[in-house]
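Listed here are the chains, written in short residue letters.
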Amino acid sequence: MCSAGPLSAAHRALVLQLADVEAIKFGSFTLKSGIQSPLYIDLRVTVSYPQLLSLIASTLLASLPQSVTYEALCGVPYTALPFATAMSLDTKVPMLMRRKEVKAYGTKKSIEGAIKPGGVVLVVEDLVTSGGSVMETVQPLRDAGCVVTDVAVLLDRQQGAVERLASDGVAVHAALGVCQVLDVLVEEARVDPAVAADVRAFLAANQAAPVTKTYTARAAGVKNSVGARLLRLMDTKRTNLSVAADVTTAAELLRLAAAVGPHIAVLKTHADTVSDWTDDTATALRLLADEHDFLLFEDRKFADIGNTVVAQAGGGLHKIVNWADIINAHAVPGPGILSGLRVAVESAGRSVGVLVLAQMSSAGNLATALPGYTPAAVAMAVTEPDLVFGFIAMEGGLGGEACVSMTPGVKMGGGGDALGQQYATPDRVVGTAGSDVIIVGRGIYKADDPAAAAKEYREAGWAAYERRCRGDQL
Ligand code: S5P
């Protein structure tokens, strides 16, 4: 992993300047995955240092082999946008720009700029770990008709991105590898050799192991019995589809559940949108769940203090923990919410699993926008593995392979709605972002034939999972 050649003077100067502005730090940091890392790299700060930006641009350009030619540059948002801009100003090569949030109105374009179909685009990225974020820019460029075969990267964490992007037909040209950075900082007495050794050991032990294992292989490590059952059920039934049954009457709900039942692993309900909900609705849903072998997930999104959620989960009109297999909770109230849900679950005397909302799909949501939110939510969740088995999240891998990621905002063709929903395709969610379960609402229940639509989503989600297991696309 740490084999790399000696660096030029410009590369060495770049390393020292990155350390000067604290873009590279040593200590103990909680990563988004919940893992403690002795190394923290945050290159966003570079935007405030124009001299450094221009050194980054010239070093990125100098690190490209002569054979790499391109007609446009496209930075991966956001950190690499100024890098691509500086490279464009240096070379006079035009830029394209990818939107992170696709507009729900107007043109719905995800790539802005003067796109030339068949034009070769060089993607620019600040940091690669698994390569997932690079593919989130490569894929829309390819969808728009551009040819993308190369990415210029400032820093490679050397945790597997090169191999994985190669399997997607993208060659990585990194100006710096993390091991070279460590070498320079030790030689210049900026970092203690013992700290550098720690970081090397950490990197070796944490090779971005994209969860390429099968669901069943992961089930044994899942302490919550519902989570383990879900993983096994998905492999047995060959489906990673959850239908969001957002209908408004009990009759519609039961009709939809019966129609999609053979294709799904999970039926997700919003009981409080059903105008005529009774205990009989829950009983009928349970019968259908048992008949077709799927789990019931009541998406109540608890968000209150422990004492209140005990009553909300156990009582009221819906008595959720009496019939749901899966419930979910926001992390905002702190660990007390999990303690409250535990009380409600234990008094119901049934097996129930909890998902923590670590990220959301809606534009501008604070869970995704605030840098520390997702790691804090993951850290809270992983302390109670017998109760919490995973996350509502836009990506997989949060909390490690013993956690399940379920992702809403899924629709063939992507796009969004007028109220902030942002969609990704099943392939992107399971294949590129590494999530485990796709949650599809309107794409299925609004279709003319919901059963046929469910079959189509099931096949797309499953094909992406099979490719992921083979390591074809990550
Ligand atoms: O961040 C989220 C979390 C959830 S659970 N974004 C979401 O859209 N959801 C739910 O997923 C939402 O409440 C709805 O039930 C479903 C998405 O429905 P669709 O019609 O947009 O596919």
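Every residue gets a number counted from 1 within its own chain, in the order that chain's sequence is written. Local features are withheld for residues below a pLDDT of 70 in this predicted model, meaning they are given only at 70 or higher, and side-chain atom pairs are given and counted only at 80 or more; totals for whole chains, interfaces and linings count all residues. Working from all heavy atoms in the structure, the side-chain values ignore hydrogens and water.

Secondary structure elements follow DSSP: runs of H or I of four or more residues count as helices, runs of E of two or more count as strands, with numbering from the N terminus. Within the chain, the regular secondary structure consists of 18 helices and 18 strands. Radius of gyration means the value over C-alpha atoms here, while the globule rule gives 2.2 Å times the residue count to the 0.38 power. Taken over C-alpha atoms, the radius of gyration comes to 24 Å for the chain, in line with the 23 Å a tight globule of 474 residues would show. Considered along the principal axes of its C-alpha atoms, the chain spans approximately 75 × 50 × 35 Å. Per-residue burial over the chain gives 52% buried out of 474 residues. Restricting the contact set of the chain to residue pairs at least 6 apart, pairs at least 24 apart contribute 69%. Carbon together with sulfur atoms contributes 55% to the accessible area of the chain, which is approximately 19,000 Å² in total. In the chain, which carries 41 positive and 48 negative side-chain charges, the distance between the mean positions of the two groups comes to 2 Å. Whether a residue is buried, partly exposed or exposed follows from its accessible area with a 1.4 Å probe, protein chains only, as a fraction of its type maximum: under 20%, in between, or over 50%, in that order. Note on contacts: a residue pair qualifies if any of its non-hydrogen atoms lie within 4.5 Å across the two residues. Computed by Shrake-Rupley with a 1.4 Å probe, the accessible areas treat only the displayed protein chains as cover when residues are assessed. Charged-residue counts in this description rest on Lys and Arg as positive and Asp and Glu as negative, His and the chain ends being excluded. All charge positions are set by atom: Lys at NZ, Arg at CZ, Asp at CG, Glu at CD.

What follows covers the site of the ligand. Here a residue counts as near a molecule or strand whenever at least one of its heavy atoms sits within 4 Å of it. Close contacts around the ligand come from 14 residues, with Asp 246, Lys 268, Ser 361, Tyr 423 and Arg 442 the closest. Asp 246 places a side-chain nitrogen or oxygen 2.6 Å from an oxygen atom of the ligand. By the criterion applied in these results, polar contacts are pairs of N or O atoms within 3.5 Å in which, for protein atoms, one can donate a hydrogen and the other can accept it, and in which residues neighboring in sequence qualify only through two side-chain atoms. One of the side-chain nitrogen or oxygen atoms of Tyr 423 is found 2.6 Å away from an oxygen atom of the ligand. In this classification, Asp, Glu, Lys and Arg are treated as charged, Ala, Val, Leu, Ile, Met, Phe, Trp, Tyr, Cys and Pro as nonpolar, and every other residue, Gly included, as polar. Across the shell around the ligand, the residue classes tally to five nonpolar, four polar and five charged.

Taken domain by domain, the chain comprises domain 1 (9–205) and domain 2 (215–470). The split into domains, and so the bounds of each, comes from an automatic or database assignment of domains. Using only C-alpha atoms to locate each centre, domain 1 and domain 2 end up separated by 33 Å. Listed as interface residues are 15 residues of domain 1 and, on the opposing side, 17 residues of domain 2. In this description, buried area is defined as the sum, over both parts, of the accessible area (probe of 1.4 Å) that is lost when the two are combined. Of the roughly 1,100 Å² buried at the junction of domain 1 and domain 2 (both faces included), carbon and sulfur atoms supply 58%. Take a side-chain nitrogen of Lys or Arg and a carboxyl oxygen of Asp or Glu: if they are within 4 Å of each other, that pair is a salt bridge. At the junction of domain 1 with domain 2, the criterion picks out zero salt bridges. Connecting domain 1 to domain 2 are zero residue pairs in polar contact (both at pLDDT 80 or more). No other element matches the six residues that helix α4 (residues 132–143) contributes to the side of domain 1 that touches domain 2. Split into classes, the residues belonging to the side of domain 1 that touches domain 2 amount to five nonpolar, five polar and five charged.

Glancing now at the packing of helix α1 (residues 9–20) against helix α6 (residues 178–187). Note on geometry: axes are C-alpha line fits, over the in-contact stretch for helices, and angles between N-to-C directions span 0 to 180 degrees. Between α1 and α6, the least distance of the axes is 10 Å, while the angle of their chain directions is 80°. Taken together, the axis directions place α1 and α6 in an arrangement best described as roughly perpendicular. Contact with α1, carried on its side by Arg 12, Val 15, Leu 16 and Ala 19, involves Val 181, Val 184, Leu 185 and Glu 187 of α6 and no other residues of that element. Roughly parallel here means an angle under 35 degrees, roughly antiparallel means over 145, roughly perpendicular means 65 to 115, and every remaining angle is called oblique.

Let us look at the sheet that holds strand β14 (residues 388–392). At least two DSSP bridges between two strands are required for those strands to pair. Spatial ordering of the closed barrel is given by β9-β10-β11-β12-β13-β14-β15-β18, a layout of eight strands whose pairing is parallel. Each neighbouring strand pair of the sheet contributes to a mean axis angle of 30°, computed without reference to strand direction. Here helix α13 (residues 336–348) sits on the sheet in contact with β11 (295–302), β12 (326–330), β13 (353–357) and β14, set at roughly 155° to β12.

Further remarks concern the nonpolar core. Only buried residues count toward a nonpolar core, which is a set of Ala, Val, Leu, Ile, Met, Phe, Trp, Tyr and Cys residues joined through side-chain atoms within 4.5 Å. Ranked by internal contacts, the top residues of the largest apolar core, which has 86 residues, are Leu 267, Ile 327 and Met 406. In contact with Met 406, other than residues within four places in its own chain, are Leu 230, Ser 242, Val 266, Phe 297, Leu 355, Phe 391, Ile 392, Ala 393, Ser 435, Val 437 and Ile 439. Ranked by size, the runner-up nonpolar core spans 48 residues in total, among them Val 21, Phe 83, Leu 154 and Val 181.

Attention now moves to the packing of aromatic side chains. Classification of ring pairs uses Phe, Tyr and Trp, with its six-membered ring standing for Trp, and accepts pairs whose centres are within 6.5 Å; under 30 degrees between planes counts as stacked, over 60 as edge-to-face, and the remaining range as tilted. Enumeration according to the criterion identifies five aromatic pairs in this entry. On the basis of an interplanar angle of 40° and a centroid distance of 5.1 Å, the ring pair of Trp 277 and Trp 323 is categorised as tilted. With a gap of 46 residues between them, Trp 277 in the loop between β10 (266–269) and α11 (279–292) and Trp 323 in the loop between α12 (306–314) and β12 connect regions that are remote in the sequence. The pair formed by Trp 277 and Trp 323 is uniform in burial state, with each residue classed as buried. An aromatic cluster is present here, built from Tyr 215, Trp 462 and Tyr 465 joined pairwise through their rings.

With that settled, the discussion passes to the environment of Phe 202. Along the chain, Phe 202 turns up in helix α7 (residues 193–205). On the accessibility criterion, Phe 202 (10% relative accessible area) is buried. Expressed as a C-alpha distance, the spacing of Phe 202 and Pro 38, which sit 164 residues apart in the sequence, is 7.4 Å.

Here we come to the pattern of salt bridges. Summed over all chains, the structure comprises 24 salt bridges. A salt bridge links Glu 188 to Arg 12; the nearest nitrogen and oxygen atoms lie 3.3 Å apart. Within this pair, whereas Glu 188 is found in the loop between α6 and α7, its partner Arg 12 is found in helix α1, the two being separated by 176 residues in sequence. In this structure, Asp 325 and Arg 350 form a salt bridge, with 3.5 Å as the shortest nitrogen-oxygen distance. In this pair, Asp 325 sits in the loop between α12 and β12 while Arg 350 sits in the loop between α13 and β13, placing the two residues 25 residues apart along the sequence. By relative accessible area, Asp 325 is classed as buried at 5%. Because the salt bridges share partners, they merge into one network encompassing Arg 286, Asp 290, Asp 325 and Arg 350.

The periodicity of an α-helix, 3.6 residues per turn, causes residues three or four positions apart to be oriented the same way. Here α13 contains 13 residues, and its C-alpha end-to-end distance of 19 Å stays within 8% of the 18 Å for a straight helix at 1.5 Å per residue. Looking at α13, one finds that the buried residues are Ile 337, Leu 338, Gly 340, Leu 341, Ala 344 and Val 345. All buried residues of α13 fall inside an arc of 160° around its axis, so they share one side. Away from its buried face, by an angle of more than 90 degrees, α13 presents the exposed residues Glu 346 and Ser 347. Looking at the buried residues of α13, the elements they touch are β11, α12, β12, β13, α15 (373–382) and β14. Trailing α13 by a residue or two, Gly 349 shows a phi angle of about 70°, which is positive. To estimate how far a helix should extend, the number of its residues minus one is multiplied by 1.5 Å. The arc under discussion is defined with respect to the helix axis, by the directions toward the C-beta atoms.

Among all positions of helix α10 (residues 250–260), only Ala 250, Leu 253, Leu 256, Ala 257 and Val 260 are buried. Summarising the axial view, the buried residues of α10 lie within an arc of 130°, below the 170-degree limit, and thus occupy one face.

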